[in-house]
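Commentary on secondary and tertiary structure
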Amino acid sequence: LKLKLLMWKAAKAAYTRAYEDAMKKMRKENEEAFEYLWKTFPARYWSKSWFTLDSKCDVLLNNM
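Numbering of residues starts from 1 in every chain and runs along the sequence as written. Where local features are concerned, this predicted model is filtered to residues with pLDDT of at least 70; where side-chain atom pairs are given and counted, the filter is 80 or more; whole-chain, interface and lining totals use all residues. Side-chain numbers here rest on the full set of heavy atoms in the structure, without hydrogens or water.

1. A few points about the environment of Ala18
Strands here are runs of E lasting at least two residues and helices are runs of H or I lasting at least four, both read from the DSSP assignment and numbered beginning at the N terminus. By the secondary structure assignment, Ala18 is in helix 2 (residues 16-29). The exposure class assigned to Ala18 is partly exposed, which follows from its relative accessible area of 34%. Along the backbone, Ala18 and Ser49 are 31 residues apart, and their C-alpha atoms lie at a distance of 8.1 Å. Between buried and exposed lies partly exposed: a residue is buried under 20% and exposed over 50% of the maximum accessible area for its type, with that area taken using a 1.4 Å probe on protein chains only.

2. Remarks on the packing of helix 1 (residues 2-12) against helix 2
At a minimum axis distance of 8 Å, the contact between helix 1 and helix 2 shows a crossing angle of 160 degrees. With respect to their mutual orientation, helix 1 and helix 2 come out roughly antiparallel. Pair helix 1 / helix 2 crosses with left-handed handedness. Between helix 1 and helix 2, the residues in contact are Lys2, Leu3, Leu6, Met7, Lys9 and Ala10 and Tyr19, Ala22, Met23, Lys25, Met26 and Glu29, respectively. Here the nonpolar group is Ala, Val, Leu, Ile, Met, Phe, Trp, Tyr, Cys and Pro; Asp, Glu, Lys and Arg are the charged ones; every other residue, Gly included, is treated as polar. Looking at side-chain class alone, the contact of helix 1 with helix 2 contains 8 nonpolar, no polar and 4 charged residues. Note on geometry: axes are lines fitted to C-alpha atoms, helical ones only across the stretch in contact, with angles between N-to-C directions running from 0 to 180 degrees. Any angle that falls under 35 degrees is termed roughly parallel, while one over 145 is termed roughly antiparallel, one within 65 to 115 roughly perpendicular, and all others oblique. Helix crossings fall into two classes, left-handed where the near helix is turned counterclockwise from the far one by less than a right angle and right-handed where it is turned clockwise. Contacts between residues were defined by any pair of non-hydrogen atoms, one from each residue, lying within 4.5 Å.

3. Some thoughts on the packing of aromatic side chains
The aromatic pairing rule takes the rings of Phe, Tyr and Trp, using the six-membered ring of Trp, and pairs them if the centres are within 6.5 Å, calling planes under 30 degrees apart stacked, those over 60 edge-to-face and the rest tilted. Under the defined criterion, the tally for this structure stands at 4 aromatic pairs. On the basis of an interplanar angle of 20 degrees and a centroid distance of 5.6 Å, the ring pair of Phe34 and Trp38 is categorised as stacked. With Phe34 and Trp38 both in helix 3 (residues 31-40) and 4 residues apart, this pair spans about one turn of that helix. By relative accessible area, Phe34 is classed as buried at 7%. The class of Trp38 is partly exposed, set by a relative accessible area of 49%.

See the structure below:
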């Protein structure tokens, strides 16, 4: 549950600094989970902090 909350904190981060802080906390909590997330899913696809300014919606889910 703690890793899930940290992942969502990183996903909802509006600034890259907040994203990096959340990922550092995740790394301290579980190195293996951090490495999996880091290598498998680039942040530009799932973290709000890496979205372009062209986004018109702050919802992180598709098919609403």
